[in-house]
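Coordinate analysis (summary)
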Amino acid sequence: MLRFLVGLTLVTASPAWAQSLDLFTKATTEVAPGVYSYGAFTARSLFVVTSDGVIATDPVSPKNAADMRAAIAEVTDQPVKYVVYSHQHWDHVLGGQIFKDEGATFISHQNCITHFVRHPNDDLVMPDRTVSSDSELTLGDKTLKLMYFGPNHGDCMLVMQVEGTDVLYINDLVTPYSVGLGFMPDYDPGEWLRTLKELEAMDGWTEFVGGHGIPVAPKEALSQRKRYMEALMAEVRAGIATGKRLEDLYDTIELGEEFREMRGYDTHIRRAAERIYHYYTMGW
Amino acid sequence: MTRWPVAAGAALAVLFGAMAPALSQPAAESSPGISTPFGRLSAVTTDLGDGLYTVSAGGARTVFLVGDDGVLVGDPITPEAARAILAEIRKVTDKPIKYMVYSHQHWDHTLGGQVFKDEGAEIWSHEACLVHFYRSPHPNVVLPDRTFQIKHVLDVGNAKAELLYFGPNHSDCTTFLYFPANKTVHIVDTVQPYAVSGAGGLMNDSYPKLFVDSLQMLEDNVPFERMVPGHGGPSAPREAVTIRREYQQALLDAVKAEMDKGTPNDQVAKNISLPQFKDLQGYDQYLTANAQRIFIYYRIGW
């Protein structure tokens, strides 16, 4: 998810976790044995150190990829053998060349290919292989599960989990304790909510690494994001049912105390309501 | 904190076609009143010659083509509008409705096709619309019987319509419906003549960059002299397409240049000004929102 209003608005977020948050200083956090969360609030990725090399995920940008490569070198001398893209958006997938140069194989969901071809970018390394449904990537002593839940935030999102750990990598479907970007250009709100429900109902995990934000968050942060989307969609739907115009919804949308504390609420709630309005009135 | 200079009510007005007062409505040649959720609207038909007619109803605009063998009709719009459109067709001809062609998937154009299906119409859309129709089912959307990919010609006897696809623009399944006999192309929503991008400026599922390519391909490959839009007045000259393409390109260039200057993210869209396009409908209201959409395109590649 794109955070183009980060920084200056942060101080308005009240939860304690936000007060001490350093937005831009990248750091490595081991979230399970051999599984690392790397990045800052602006963008975050996962990398996995196995007995036979490293599996990295989203390189983000040439600069970030170089920084992440250095961070990996602080943990292991092993080469990066795979790079897995979480989804197609440029704020996560650019800059992979440094890993390509050391021989890494790039993987994405096959639906990303259409986007990559339609919207070429000089800083993008095209995937070498694609997956079309739930898959497993085994390297050395670890297996990374690649899970596909269908369209949601874009239509090629992979959720990942190192087998034997209780940590998921969920890029952009949830930014912990944050509302979504109001614009939601290529998002399918209904399918997104379904995906969140399926993830919530899925056993075998208790924490997750998001594509932005704090290094690791509890499952409850996903549930909160689900409740936010349910509340937003219900409010807009009820408004339409009672004859409210988009203008009325835009001016009056209000989801209550729990959600007002979420990061980005004030900035994005009106646009989010507008997006949902179009979802219910235009079928998209 | 960003505050959008958007009167969202105007967005709704755009959505339902109140945006183009500059394109004066012709004198009503016929106007059976119909009720819609948006008030009582009339179906107004304009004869464009060579068997081609355009009808405004239910907040949008469609076309129909009358040939020796039957009739081809564009978007049904809404069930009420579709019944009014059929009544308008029946004032001109009693020939069968052979084909109905969807312009794209959005519900403000695609509801009510059952009216024409019941008349025996074979329903067409671009194949990429199918995904949308299946993902977002609606009881008043009739699924297409046939789809095409690049180009398909439908004829109703002597009169022909070309279904043309030039890639994603306003939607990823937009059909440009071209009537070669009188060099007229029906372009729904991708070009609203002499207007910036409306519907609040969000262009949520639009393809900001391919949009330009799409219109350029149309201009390079199709010798159209006028267009019939999907909202507002009956027709506009070819230059309306060119101006819209130039506005889109100027917007892309301006946003990219602003980002390349290192302008802070939340300031980029606010800094955009395109005075050469200030006379376009909606410029004051939607320019910043249009620019914000372009900014997002350059950030996430979508």
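The rules behind these values
- The numbering scheme is per chain: residues are counted from 1 as the chain's sequence reads.
- Chains and ligands are labelled sequentially in the order written, the chains with letters from A and the ligands with numbers from 1.
- Whole-chain, interface and lining totals are the exception, using all residues; otherwise, since this is a predicted model, local features are given only for residues with pLDDT of at least 70 and side-chain atom pairs are given and counted only at 80 or more.
- Only DSSP runs of H or I reaching four residues or more are called helices, and only runs of E reaching two or more are called strands; each is numbered from the N terminus.
- Three exposure classes are used, based on other C-beta atoms lying within 10 Å of a residue's own C-beta, which is placed from the backbone: buried for 20 or more, exposed for 12 or fewer, and partly exposed in between.
- Placing a C-beta atom from the backbone of each residue, one calls two residues in contact when those atoms lie within 7 Å.
- To get an axis, fit a line to the C-alpha atoms, keeping to the stretch in contact for a helix; angles then go from 0 to 180 degrees between the N-to-C directions.
- What makes a crossing left-handed is the near helix being turned counterclockwise from the far one by less than a right angle; a clockwise turn instead makes it right-handed.
- The nonpolar class holds Ala, Val, Leu, Ile, Met, Phe, Trp, Tyr, Cys and Pro. Asp, Glu, Lys and Arg form the charged class, and all remaining residues, Gly among them, are polar.
- By convention in this section, buried Ala, Val, Leu, Ile, Met, Phe, Trp, Tyr and Cys residues joined through C-beta atoms within 7 Å make up a nonpolar core.
- Only strands that DSSP links by at least two bridges are regarded as paired with each other.
- For a crossover, the right-handed case is the one in which the path from the first strand over the helix to the second runs clockwise, viewed with the strands pointing away from the viewer.
- By this rule, a helix spans an expected 1.5 Å times one less than how many residues it contains.
- Note: the arc covers the axis-to-C-beta directions of the helix.

Helices and strands together make up the secondary structure of chain A, namely 10 helices and 13 strands. In terms of overall dimensions, chain A has a C-alpha envelope of 60 × 40 × 35 Å along the principal axes. The buried share among the 284 residues of chain A stands at 51%. In chain A, 65% of the contacts between residues at least 6 apart in sequence involve partners at least 24 apart.

Below, the discussion takes up the packing of helix α7 (residues 239–260) of chain B against helix α8 (residues 283–300) of chain B. All names here are of chain B. α8 packs onto α7 with a crossing angle of 65° between their chain directions and a minimal axis gap of 9 Å. As α7 runs across α8, the sense of the crossing is right-handed. Judged by residue contacts, Leu251, Leu252, Val255, Lys256 and Met259 of α7 engage Asn290, Ala291, Ile294, Phe295 and Tyr298 from α8. For the contact of α7 with α8, the class distribution of residues is eight nonpolar, one polar and one charged.

So, on to the nonpolar core. Counting 161 residues, the largest nonpolar core has A:Val84, A:Ala273, B:Phe64, B:Leu65, B:Leu72 and B:Ile85 as the members making the most contacts within it. Of the residues forming this core, the biggest block, nine residues, is contributed by α8(B). Those residues in contact with B:Ile85 that lie beyond four places of it in its chain are B:Ala43, B:Val55, B:Ala57, B:Thr62 and B:Val73.

All names here are of chain A. Pairing is mixed in the open sheet, where seven strands are placed in the order β1-β2-β3-β4-β5-β6-β7. Looking at the sheet topology across the chains shown, the edges are occupied by β1 (27–32) and β7 (129–131). Taken over all neighbouring pairs, the strand axes of this sheet differ in orientation by 25° on average, direction set aside.

All names here are of chain B. Side chains Thr184 and His186 of strand β13 (residues 184–187) all project onto a buried face; the interleaved residues Val185 and Ile187 project onto the opposite face, where all are buried too. Between strand β12 (residues 176–179) and β13, which pair antiparallel in sequence order, lie four residues; one of them, Lys183, sits at a positive phi of approximately 50°. Relative to strand β14 (residues 226–229), β13 runs parallel, the two sharing four bridges. Bridging from a neighbouring strand, Val185 pairs with Met227 of β14.

All names here are of chain A. Bridging between strand β11 (residues 167–170) and strand β12 (residues 207–210) involves four bridges; their strand directions are parallel. Within β12, the residue paired with Leu168 across the bridge is Phe208. Considered for its hand, the β-α-β crossover made up of β11, helix α6 (residues 189–201) and β12 is right-handed. Relative to strand β13 (residues 217–218), β12 runs antiparallel, the two being bridged by two bridges. Following the sheet pairing, Phe208 is matched in β13 by Ala217. Adjacent in sequence and paired antiparallel, β12 and β13 are bridged by six residues, among which Gly213 carries a positive phi angle near 100°.

The subject of this paragraph is the sheet that holds β12(A). Two modes of strand pairing occur in sheets, parallel and antiparallel, and in both the strands are linked by backbone hydrogen bonds. If you walk across this open sheet you meet the six strands as β8-β9-β10-β11-β12-β13 (chain A), and the pairing is mixed. At either end of the open sheet lies a strand with only one pairing partner, and these are β8 (135–139) and β13 of chain A.

Further remarks concern helix α2 (residues 62–75) of chain A. Residues and elements named next belong to chain A. With 14 residues, α2 ought to run about 20 Å at 1.5 Å a step, and its terminal C-alpha atoms sit 20 Å apart, in line with that. Considered for burial, the residues of α2 that qualify are Asn64, Ala65, Met68 and Ile72. Looking down the long axis of α2, one finds its buried residues gathered within 95° of arc, a one-sided arrangement. Of the residues in α2, the exposed ones pointing more than 90 degrees away from the buried face are Lys63, Ala70, Ala73 and Glu74. Where α2 is buried, its residues contact β2 (35–39), β3 (44–50), β4 (53–56), β5 (80–84) and α4 (97–101).

So yeah, pure geometry; function would need other evidence.
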